[in-house]
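So you can see what is in the structure, the chains are spelled out below.
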Amino acid sequence: MNWFLMALKKYATFSGRSQRSEYWFFMLFFVIILIVLSVLDGMLFKGAEGAPGMPILTLVGVATLLVPSIAVGVRRLHDTDRSGWWVFIQLVPVVGPILLIVFCAQDSKPGENRFGPNPKGIAA
């Protein structure tokens, strides 16, 4: 939970670097929150004859967490010494998301890189 809150504190910080833990725990809680909101949408906002209604809570959750999810992704790519623009590779069908997962799963580049000092050397 601390990693998720740390990423939220850096809501729109696109500079610097993020450890794998910060990125993956943020994404884990992001997915859990969206699942819970989707279930609540299904229970609270039913359409005509039991059809699914408008996913209002889910849309609010996505809108709220969109900027920090992109920001933590950019910082994670910086940690692997890649430009943050690589975060948009996920828009390429099939191959893009797989490539982004591979990039984000890689270990930090040791020492300082062009994006700043290694976050593993900084106490969280």
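Whatever comes next refers back to the structure up there.
These numbers were taken from a predicted model, which means no experiment stands behind them.

Caption draft 1: Main features of the pattern of salt bridges. Scanning the model with the defined rule gives seven salt bridges in all. Between K10 and E22 there is a salt bridge, with the nearest N and O atoms lying 3.7 Å from each other. A residue pair is termed long-range when its members are at least 10 positions apart, and K10 in the loop between α1 (2–9) and α2 (20–44) and E22 in helix α2 qualify at twelve residues. As a salt-bridge pair, R20 and D107 come within 3.3 Å of each other at their nearest N and O atoms. Of the two residues, R20 is situated in helix α2 and D107 in the segment after α4 (95–105); the sequence distance between them amounts to 87 residues.

Caption draft 2: Up close: the packing of α1 against helix α3 (residues 56–79). At a closest axis distance of 9 Å, the pairing of α1 and α3 adopts a crossing angle of 100°. Comparing their axes, α3 and α1 come out roughly perpendicular. On α3, the residues touching F4, A7 and L8 of α1 are L65, P68, V72 and R75.

Caption draft 3: Quick peek at the side chain of Q19. Along the chain, Q19 turns up in the loop between α1 and α2. In this structure Q19 comes out as buried when scored by relative accessible area, which is 16%. Polar side-chain contacts of Q19 include one of 3.3 Å to the backbone oxygen of P119. The contact partners of Q19, leaving out residues within four places of it in the chain, are W3, R76, D79, P119 and K120.

Caption draft 4: Quick peek at the nonpolar core. In this structure, F26, M27, F30, V72 and L77 are the most contacted members of the largest nonpolar core, which totals 16 residues. Going through the elements one at a time, α1, α2, α3 and α4 are the ones with two or more residues in this core. Counting residues per element, this core draws most heavily on α2, which supplies five residues. Once you skip the residues sitting within four places of it in the chain, F30 turns out to touch F4 and L65.

Rules behind the numbers
Residue numbering note: each chain is counted from 1, following its sequence as written. Given that this is a predicted model, residues contribute local features only at a pLDDT of at least 70 and side-chain atom pairs are listed and counted only at 80 or more, while totals for whole chains, interfaces and linings are drawn from all residues. By convention in this description, side-chain values take in all heavy atoms of the structure and omit both hydrogens and water. Any Lys or Arg side-chain nitrogen found within 4 Å of a carboxyl oxygen on Asp or Glu counts as a salt bridge. To qualify as a helix, a DSSP run of H or I must reach at least 4 residues; to qualify as a strand, a run of E must reach at least 2; elements of each kind are numbered from the N terminus. The convention used is that axes are lines fitted to C-alpha atoms, helices contributing only their stretch in contact, and that angles between N-to-C directions extend from 0 to 180 degrees. Note that the term roughly parallel is reserved for angles under 35 degrees, roughly antiparallel for angles over 145, roughly perpendicular for angles of 65 to 115, and oblique for everything else. Contacts are residue-level and defined by heavy atoms, with any inter-residue pair within 4.5 Å sufficient. Working definition: with a 1.4 Å probe on protein chains only, accessible area under 20% of the residue-type maximum means buried, over 50% means exposed, and in between means partly exposed. In protein, a polar contact means a hydrogen-donor-capable atom and an acceptor-capable atom, both N or O and within 3.5 Å, with residues adjacent in sequence counting only if both atoms are side-chain atoms; elsewhere, any N or O pair within 3.5 Å suffices. In plain words, nonpolar cores are sets of buried Ala, Val, Leu, Ile, Met, Phe, Trp, Tyr and Cys residues tied together by side-chain atoms within 4.5 Å.

Limitation: the analysis is restricted to geometry and does not speak to function.
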